[in-house]
Amino acid sequence: MAVAARSIHGTRRLKLQVFRTVVFVAAAVFFLVPIGAMVEFSTRGNSGQRTLEYWKEILAYPDMVQAIVASLELAAITSVVMLVLLVPTMVWVRLKLPRLSRIVEFVCLLPLTIPAIVLVVGLFPMYIWLGTNVSDSILTLALAYVVLVLPYCYRALDAGLGGIDVKTLSEAARSLGANWLDVMWRIIVPNISNAILNATLLSVALVLGEYTIANNLLYNNLQVELVHLGRANAGVSIAVAVASLLFAFVLLVVLAFIGARPRRMHRDPVAMLASPAVSSQK
Amino acid sequence: MTDRSGVEVRLENLVRRYGTVTALDGLSLTLAPGELVALLGPSGCGKTTALRLLAGLEEADGGRIVIAGNDVTGLPANRRNIGMVFQAYSLFPHMVAWENVAFGLQMRHVSAVERKKRALDMLDLVGLARFANRYASQMSGGQQQRVALARALAIQPQVLLLDEPLSALDAKVRSRLRDEIRRVQLEVGITTLFVTHDQEEALAIADRVGVMQSGKLEQLGPPTLVYSRPATPFVADFVGLTNRMQGTVRGGSVEVRGTSIPLVQPDVSDGPAIALIRPEAVSIDGNGGTDEGPLVGTVIAVAFLGAVSRVTVDLGDTTVLAQLPTSSASQHPAGTRVRLALRTDPVLIQREEPAPTAS
Amino acid sequence: MIAAGNPAVATNVGRPLAGGRRFSLDWIGVVPFLAYAGLFLLLPSTIIALGAFVNADGAFTLENYQHLSRSYVVKSTVDTTVISAVTAVAGAILGALLSYAIVMGSPNGVLRRLVVSASGVLAQFGGVTLAFAFIASIGPAGFVYLFAQAHGFDYYTHGIWLFERTGLGLVYLYFQIPLMVLVFLPALDGIKPQWREATESLGGNTWHYWRHVAGPLLFPAFLGATLLLFANAFSAYATANALINQGQPMLSQQIGGALSSEVGAFEPGFAKAIAVEMIVIVTLVTVLYSLLQRRTSRWL
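### A short note on the overall build of chain A
Right, on to step 1. Within chain A, the secondary structure is distributed over 14 helices and 0 strands.
Right, on to step 2. In chain A, the succession of helices and strands from N to C terminus is α-α-α-α-α-α-α-α-α-α-α-α-α-α.
Right, on to step 3. When burial is assessed residue by residue, chain A has 44% of its 282 residues classed as buried.
Right, on to step 4. Considering only contacts within chain A whose residues lie at least 6 apart along the sequence, 75% involve residues at least 24 apart.
Right, on to step 5. When the accessible surface of chain A is totalled, it reaches about 14,800 Å², and 68% of it is carbon and sulfur.

### Overview of the state of the cysteines
Right, on to step 1. Within the structure shown, the criterion is met by 0 disulfides over all chains.
Right, on to step 2. Take A:Cys153: it sits in no disulfide, and the sulfur closest to it among the cysteines is that of A:Cys108, at 9.4 Å.

### What to know about the interface of chain C and chain A
Right, on to step 1. Of the residues lining the interface, 73 residues belong to chain C; the matching set on chain A comes to 74 residues.
Right, on to step 2. Linking chain C with chain A are 0 salt bridges, by the criterion used here.
Right, on to step 3. Top element by residues in the side of chain C that touches chain A is helix 2 (residues 31-51) of chain C. It accounts for 12 residues.

### Some points on the pattern of salt bridges
Opposite charge on two side chains makes pairing possible when the charged atoms of those side chains draw close.
Right, on to step 1. On inspection of all chains with the given rule, the structure shows 32 salt bridges over all chains.
Right, on to step 2. The partner of B:Arg64 in a salt bridge is B:Glu12, with the nearest N and O atoms 3.1 Å apart. Of this pair, B:Arg64 sits in strand 4 (residues 62-67) while B:Glu12 sits in strand 1 (residues 9-18), and the two are 52 residues apart along the sequence.
Right, on to step 3. Two residues, C:Asp79 and C:Arg165, come together in a salt bridge whose shortest N-O distance is 3.1 Å. Taken together, the residues span a long stretch of sequence, with C:Asp79 in helix 4 (residues 71-103) and C:Arg165 in helix 8 (residues 165-190) at a distance of 86 residues.
Right, on to step 4. The class of C:Asp79 is buried, set by a relative accessible area of 12%.
Right, on to step 5. Through salt bridges with shared partners, one network takes in B:Glu8, B:Arg10, B:Glu12, B:Arg64 and B:Asp71.

### Thoughts on the environment of B:Gly215
All names here are of chain B.
Right, on to step 1. Locating Gly215 in the fold gives a position in the loop between strand 9 (208-213) and strand 10 (216-221).
Right, on to step 2. The exposure class of Gly215 is buried, given its relative accessible area of 0%.
Right, on to step 3. Distance in space between the C-alpha atoms of Gly215 and Val254 is 31 Å, their sequence separation being 39 residues.
Right, on to step 4. Sequence-distant contacts of Gly215, that is, excluding residues within four places in its chain, are made with Ala23, Leu24, Asp25 and Cys45.

### A look at the packing of aromatic side chains
Pairs of aromatic rings are described using the distance from one ring centre to the other and the angle between the two planes.
Right, on to step 1. Applying the stated criterion across every chain yields a total of 26 aromatic pairs over all chains.
Right, on to step 2. Pairing A:Phe30 with A:Phe31 gives two aromatic rings, centres 5.1 Å apart and planes at 80°, and the pair type is edge-to-face.
Right, on to step 3. The exposure class of A:Phe31 is buried, given its relative accessible area of 10%.
Right, on to step 4. Seen from their ring centres, A:Phe31 and C:Tyr174 are 5.0 Å apart, and the 55° between their planes marks the pair as tilted. In this pair, A:Phe31 is assigned in helix 2 (residues 10-42) and C:Tyr174 in helix 8, connecting two distinct chains.
Right, on to step 5. Taken together, the ring pairs connect A:Phe30, A:Phe31, C:Phe125, C:Phe134 and C:Tyr174 into an aromatic cluster.
Right, on to step 6. C:Arg70 extends its terminal NZ or CZ atom over the ring of C:Phe270, reaching a point 4.7 Å from the ring centre.

### Focus on the side chain of B:Thr49
Right, on to step 1. Inspection of the secondary structure puts B:Thr49 in helix 1 (residues 47-55).
Right, on to step 2. Not counting residues up to four positions away in its chain, the partners in contact with B:Thr49 are B:Arg16, B:Tyr18, B:Ala23 and B:Leu24.

### Section: the packing of helix 4 (residues 62-95) of chain A against helix 7 (residues 141-162) of chain A
Residues and elements named next belong to chain A.
Right, on to step 1. One can describe the packing of helix 4 onto helix 7 by two numbers: an axis separation of 8 Å at closest approach and a directional angle of 45°. By the angle class used here, helix 4 and helix 7 are oblique. With respect to the hand of their crossing, helix 4 and helix 7 are arranged in right-handed fashion. Every residue of helix 7 that contacts helix 4 at Leu74, Ile77, Thr78, Val81, Met82, Leu85, Leu86, Val87, Met90, Val91 and Arg94 is listed here: Leu141, Ala142, Tyr145, Val146, Val149, Leu150, Cys153, Tyr154, Leu157, Asp158, Leu161 and Gly162.
Right, on to step 2. Residue composition of the contact of helix 4 with helix 7, by class: 19 nonpolar, 2 polar and 2 charged.

### Remarks on unusual backbone geometry
Residue and element names in this part refer to chain B.
Right, on to step 1. For Tyr89, which is not glycine, the phi dihedral falls at a positive 55°.
Right, on to step 2. Turning to its location among the elements, Tyr89 is positioned in the loop between strand 6 (82-85) and helix 2 (97-107).
Right, on to step 3. Looking at Tyr89, the relative accessible area reads 51%, which means it is exposed.
Right, on to step 4. You will see that Ser214, though not glycine, has its phi angle at about 45°, which is positive.
Right, on to step 5. The topology assignment puts Ser214 in the loop between strand 9 and strand 10.

### So, helix 10 (residues 193-208) of chain A
Right, on to step 1. Taking 1.5 Å of rise per residue, 16 residues should cover 22 Å, and helix 10 of chain A covers 23 Å from first to last C-alpha, within 8% of that figure.
Right, on to step 2. Within helix 10 of chain A, burial applies to A:Ala195, A:Ile196, A:Ala199, A:Thr200, A:Leu201, A:Ser203, A:Val204, A:Val207 and A:Leu208.

### Notes on the side chain of B:Asn78
Right, on to step 1. Residue placement: B:Asn78 occurs in the loop between strand 5 (70-71) and strand 6.
Right, on to step 2. Engagement of the side chain of B:Asn78 in a polar contact is seen with the backbone oxygen of C:Gly204, the distance being 3.1 Å.
Right, on to step 3. The residues touching B:Asn78, leaving out its near neighbours within four places in the chain, are C:Glu200, C:Gly203, C:Gly204 and C:Asn205.

### Quick word on a nonpolar patch on the surface
All names here are of chain C.
Right, on to step 1. There is a patch of nonpolar side chains on the surface, built from Leu25, Trp27, Ile28 and Val31 and spanning about 360 Å² of accessible area.
Right, on to step 2. Structurally, Val31 can be placed in helix 2.
Right, on to step 3. Classification of Val31 by relative accessible area gives partly exposed; the value is 38%.

### Focus: the pairing of strand 18 (residues 319-325) of chain B
All names here are of chain B.
Right, on to step 1. With 7 bridges joining them, strand 17 (residues 308-314) and strand 18 adopt antiparallel strand pairing. By the bridge assignment for strand 18, Asp314 is matched with Thr319.
Right, on to step 2. Counting the residues that bridge the hairpin from strand 17 to strand 18 gives 4 residues, and of these Gly316 lies at a positive phi of roughly 95°.

### Observations regarding the packing of helix 8 of chain C against helix 10 (residues 206-234) of chain C
Two quantities define a packed helix pair, namely the angle between the helix axes and the distance between the axes.
All names here are of chain C.
Right, on to step 1. Two elements in contact, helix 8 and helix 10, have axes whose closest approach is 10 Å; the angle formed by their N-to-C orientations is 150°. The angle between helix 8 and helix 10 falls in the class roughly antiparallel. For the crossing formed where helix 8 meets helix 10, the hand is right-handed. Counted together, Tyr172, Phe175, Gln176, Leu179, Met180, Val183, Phe184, Ala187 and Leu188 of helix 8 and Leu218, Ala221, Phe222, Ala225, Leu228, Leu229, Asn232 and Ala233 of helix 10 form the full contact between these two elements.
Right, on to step 2. Each residue belonging to the contact of helix 8 with helix 10 can be placed in one class, and the counts come to 15 nonpolar, 2 polar and no charged.

### Focus: the domain arrangement of chain A
Frequently, the measure chosen for interface size is the accessible area that the parts lose on association.
Right, on to step 1. In terms of domains, chain A is made up of domain 1 (11-54) and domain 2 (62-232).
Right, on to step 2. Placing the centre of domain 1 of chain A and that of domain 2 of chain A at their C-alpha centroids yields a distance of 35 Å.

### Some remarks on the pairing of strand 16 (residues 296-304) of chain B
Residues and elements named next belong to chain B.
Right, on to step 1. As judged from the 3 bridges shared by strand 16 and strand 19 (residues 337-342), these two strands associate in the antiparallel manner. Paired with Gly297 across the two strands is Val338, which belongs to strand 19.
Right, on to step 2. Bridge analysis of strand 16 against strand 17 gives 6 bridges, and the strand direction is antiparallel. When the sheet's bridge partners are listed, Val302 is paired in strand 17 with Val311.

Conventions we followed
In every chain, residue numbers begin from 1 and rise along the written sequence. Lettering for chains starts from A, numbering for ligands starts from 1, and both go in the order in which the items are written. The model is predicted, so local features are restricted to residues of pLDDT at least 70 and side-chain atom pairs to those at 80 or more, both for listing and for counting; the totals for chains, interfaces and linings are taken over all residues. By convention in this description, side-chain values take in all heavy atoms of the structure and omit both hydrogens and water. Only runs of H or I of at least four residues qualify as helices and only runs of E of at least two qualify as strands under DSSP, and these elements are numbered from the N terminus. A simple rule labels every residue: compare its accessible area, found with a 1.4 Å probe on the protein chains alone, to the largest value its type can have, and call it buried under 20%, exposed over 50%, or partly exposed in between. A contact between two residues is defined here by any heavy atoms of the two lying within 4.5 Å. Using a 1.4 Å probe, accessible areas were evaluated by the Shrake-Rupley method; residue-level cover was limited to the displayed protein chains. A pair of sulfur atoms, both from cysteines and within 2.5 Å, is called a disulfide here. For this document, the term salt bridge refers to a Lys or Arg side-chain nitrogen within 4 Å of an Asp or Glu carboxyl oxygen. A pair of Phe, Tyr and Trp rings is counted when the ring centres sit within 6.5 Å of each other, with Trp represented by its six-membered ring. The angle between the planes then sorts it: under 30 degrees is stacked, over 60 is edge-to-face, the rest tilted. Two thresholds decide whether a charge sits over a ring: the Lys NZ or Arg CZ must be within 6 Å of the ring centre and within 35 degrees of the ring normal. What counts as an axis is a line fitted to C-alpha atoms, over the stretch in contact for a helix, and the angles between N-to-C directions run from 0 to 180 degrees. Angle categories are assigned with fixed cut-offs, so that under 35 degrees is roughly parallel, over 145 is roughly antiparallel, 65 to 115 is roughly perpendicular, and the rest are oblique. Left-handed describes a crossing in which the near helix is turned anticlockwise from the far one by less than a right angle; the clockwise case is right-handed. Throughout this entry, Asp, Glu, Lys and Arg are counted as charged residues, while Ala, Val, Leu, Ile, Met, Phe, Trp, Tyr, Cys and Pro are counted as nonpolar. The remaining residues, Gly among them, count as polar. One less than the number of residues in a helix, times 1.5 Å, gives the span that helix is expected to have. Side-chain atoms alone can form a polar contact between residues adjacent in sequence; in general such a contact is a pair of N or O atoms within 3.5 Å, and within protein one must be able to donate a hydrogen while the other accepts it. Residues enter patches when they are more than 30% accessible in relative terms and free of salt bridges; like-charged ones are connected within 9 Å and nonpolar ones (Val, Leu, Ile, Met, Phe, Trp, Tyr) within 5 Å. Strands are treated as partners if at least two bridges between them are detected by DSSP. Each domain's limits were defined by an automated method or a database of domain assignments.

Written out as structure tokens, the structure reads:
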């Protein structure tokens, strides 16, 4: 496009500049004002001054604190279960069962096509059974959340595994005497550590923002509690929402930072062999 | 095809700048009616800019473009009546081959029946009548470029522009299509500007080759002349392979390793210089045996190129390329010692080391 | 098994193509995953599919589907369809404009990277926080409203439309536009500058270019993206429920209502029947989308 952009003649270029400016400014207003407004609202005092009252009040609502803790616990459990379930399966399928890769992909992406509100209808009787026979803890929600985060984590991990030659690496490790656990833990995992972190952060962000399933299975997670509290004290509720948004934002910055970080320099054996020969010629 | 004789195209002192970079620095070039001129040069030399100015896809900062006696400098691309073939992927992917070819005629309000007929005629001209109903995605790169050629010619343009049309193709297809383009161009008799960075391509297809560097024309002439009598060291270096050999200028000739060779350039002061010698001007005089001498060395590689072979000889302080018939090259496998001889055709010399980016 | 268990033998590459197939236990490796997916993905789906045909006494019935013709279900189906369609079309047009503005800039520019990654985030941004964001900005106590009101522009004179379908549509645009950017940008990127130049050199002007080349090329992608946006809005629940807590205008809210209210106890199949209705519509739209997507990928 660079060449084409240069070729556009004077007036056309000017019109384009005007168009782009208008569009970007309008988009910035539409997308930034609501976010800024939340910050403004949560720091609004009774007589127009800025105050952090609402923020300080958060701790005065034990239900909210409990819900925040529960959501964080859910995020942790969901991430761990997701990784334990997904990473070995995806590696195994690449190594041994390439014919199953389409099926695994299909299953993993299926939750994208099933709306959460539909899934919850099917989960409803299951959770009634779970609640009476196993446990009625809110943490059981993690079982359903794993399904929810499956598509996003699958994609992140798939990108990571696509970047390395799983098969050759593990065959090399096996030929050097490693067992499957060694291969997984010492070879595969270190090489896809970025993708694993990626998937983890995604699942944390998704779980913290989840409302549909918790609300309909009658559990009070962070988002459900936000709505409850919003009716009683909008200021505090919005302060919590801003906080959760900030938390998600930090996660995303971490994500972007990882993505931008250059891959650790692995010493390429070929380069190491070649370099002394080159220098000796000079 | 309809018998059409080409028109004259004149580029006069064209200047084009991108910010502080001068892409075209006063280019003047006249294409005779029906002539095919190839502009050759490294990327960034301004050859593509020249073509895009002629096409009207970019505006010149100075100079004039005259086609068939009419000044078209200020005319937009869609009113210049110029056919253009792009590097690659320029076929409209949602139209089959004949619809692509007919598109320019549609823009000219030719009736539907007539334009299909003419499109099929054009596809026939490029030998693709059978592929009229194929989409671009169903054709090979070479076929796509032939359709693009038919599309460019269907509007009966006054000038045909080819912007590296072969660069995205693999070697075998490239030389076949190159000859095909030349055949069609001669058949239609259209004035053509062909831009390429591939010297072999330019030398094979063009009536005249223009070698460009830094927005300027270094040399313009028939392929044989550009190759055998390069006007500047840059041309000698860029067109064909060249041995750079240390020598000493004395009294109008240069002495290289004991051989005195006449100079192309007149009035060169005496002193050390680098002589630019073509591999064809280097021959193998016989086995070197245990002799010592400035032109005795060891064969370190033999590249088989078909009828000829290229032999790399290590002379101790430098290596020299010699190109000779395969039959004689085969008598000197790698590892044998040979004695070289230099032909005494006039050569170019260079005084300074080339810019550090080269070599 | 002995050979397969020996670490020195490359167990996979060396598998003979012909001859007796070795009995393999490789498939055991995927059992935990498939079991989990079966339990929490397949089982709920089966419960819905079968449960929609069962009445409170556990007998087969089509009654649940007859309940779909209740006026409030029909009304929320229509309302949801209208809101989804309007926000899909508006989101598609605005998102396409934004994409075009991006594409016309430098391909590696900061602006492009910023807009694309922001779109990735905002397309997933929904639910309670989004509803709050709009309430805090243009809601009756939001600073935008207070500012407009103070300057003689009271846009709530005919009722607080933010908490009605109009407002919901506006809020939906907040994730519809970024989703459009994500889906449509690759198609726009596929448009090669040579096509415009070829059009010009063949005698066409800007109008011809859009009418004969870019328009037809982009239309399937645009239509497909619009369908995706429709499905996206149609299945949204959290945003609607957080913004509108009276009347439950959206079909997804009807599902929630049927599930949790007393109706759920007496008519266990009713929520499932609405869920089936929703999934049929969403699947239909998604299939159409992927068909159009396939056509787009052939061209661009």
